[in-house]
Amino acid sequence: MTRPGATILEKSANAGGAEGDVDATTSTRGILAPGEAARRFTLERRAPGVAVAGRVERYWITRWDLRGRPDHVQQTLPHPCVNLVVHDGIVGVYGIAAVRDVRRLRGRGAAVGAKFRPGAFAALSEVPMIDLNARPHRLAEVLGRDGEVLERQLLAAGTDDPTLPIAAIEAFLAPRMPERDRAYELVRAVAADMLRRASSTRVSALARDHGVSQRTLQRLFRELIGVGPKWVLRRYRVHEAAERLADADPPSLARLAHDLGYADQAHLNREFREAVGVTPAAYLRGTPPPA
């Protein structure tokens, strides 16, 4: 049960997974207004099994108990990857939202998700990634008849015991893992490199350092992720900006713009507002993004 005032939990099943994974792209980044979120729900993360770890980054479980308390509207700025989610009697596949994802939490509940690595889901999907990003899809749309079977299994498993839907997803995915795919390996490596590099990194530098042309890198990102590499770099940069603004001792906006490689503070304001819905100054004051 989620306790009032509970914190966001960071749990790893073992040191080699989740938080120990150098290719991991999830942190508390992407959770907008994390201080308020920590008072409303808990977040647990579990490492995937060895058989699927090449494509699944981790599983996540959110739990909340707001009985007798107001509803909570949680907004996130999604990472450049696909999530398979079980929640509220629904199973859905969620691509990358161009804008914020908005969820209203009420009563008592939970959600269980499988977060795939950037570019990992394309080999499994019957839907092109650019279309998958446009709206949530049912499993049958994305995985065909086998998806219908998995959906029934996940609905029967529910979310009270997260080990049940996670086991069903693992059992489904393990025999369907694609053979070695050099295009995916490149996209995965570049996406991980984006997180390690300075925020001012350019696509041309990434392409050069990974031994491909900029055009090839752009094509592969669009095919396997559904967005271009420049879009991913910008999303990661806004994630970092929001995280630093939520610090107990946030930097000045001028300093933040400089540290993240923006041409000027106006550029930071424009990019942040486009993604988050409010300016950095408003976010710093605690103004919630429009739902």
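An account of the accompanying structure is given in this report. It should be emphasised that the depicted structure is a prediction, and the values quoted were computed from it without experimental measurement.

What follows covers the pattern of salt bridges. Going through the model one piece at a time under the given rule, you end up with 25 salt bridges. Measuring nitrogen to oxygen at the nearest pair gives 3.4 Å for the salt bridge that ties R237 to E271. With R237 in helix α9 (residues 229-245) and E271 in helix α11 (residues 265-276), the pair connects residues that are 34 residues apart, well separated along the chain. For the pair R237 and E271, one class covers both residues: buried. In this structure, R255 engages D259 in a salt bridge whose closest nitrogen and oxygen atoms are separated by 3.1 Å. Remark: D259 and R255 occur in helix α10 (residues 253-259); sequence separation between them is 4 residues, near one turn of the helix. In this structure, a network of salt bridges that share partners links the residues D193, R197, R208 and D209.

For the structure shown, the criterion picks out 1 cavity of 30 Å³ or more. If you add up the space inside the largest cavity, you get close to 40 Å³. Lining the largest cavity, in full, are P80, C81, V82, I96, R117, P118, G119, A120, F121, M129, L224 and I225.

Cut-offs used in this document
- Residues numbered from 1 in each chain as written.
- Predicted model: local features only at pLDDT ≥ 70, side-chain atom pairs only at ≥ 80, totals over all residues.
- Heavy atoms only, no water.
- Salt bridge = Lys/Arg side-chain N within 4 Å of Asp/Glu carboxyl O.
- Helix = DSSP H or I, 4+ residues; strand = E, 2+ residues; numbered from the N terminus.
- Buried < 20%, exposed > 50% of the residue type's maximum accessible area, 1.4 Å probe, protein only.
- 1 Å grid on protein atoms, 1.4 Å probe; cavity = no way out; pocket = protein on both sides within 12 Å on 5 of 7 lines; lining within 4 Å.
- Points joined across faces, edges and corners; volume = space filled by probe spheres on them.

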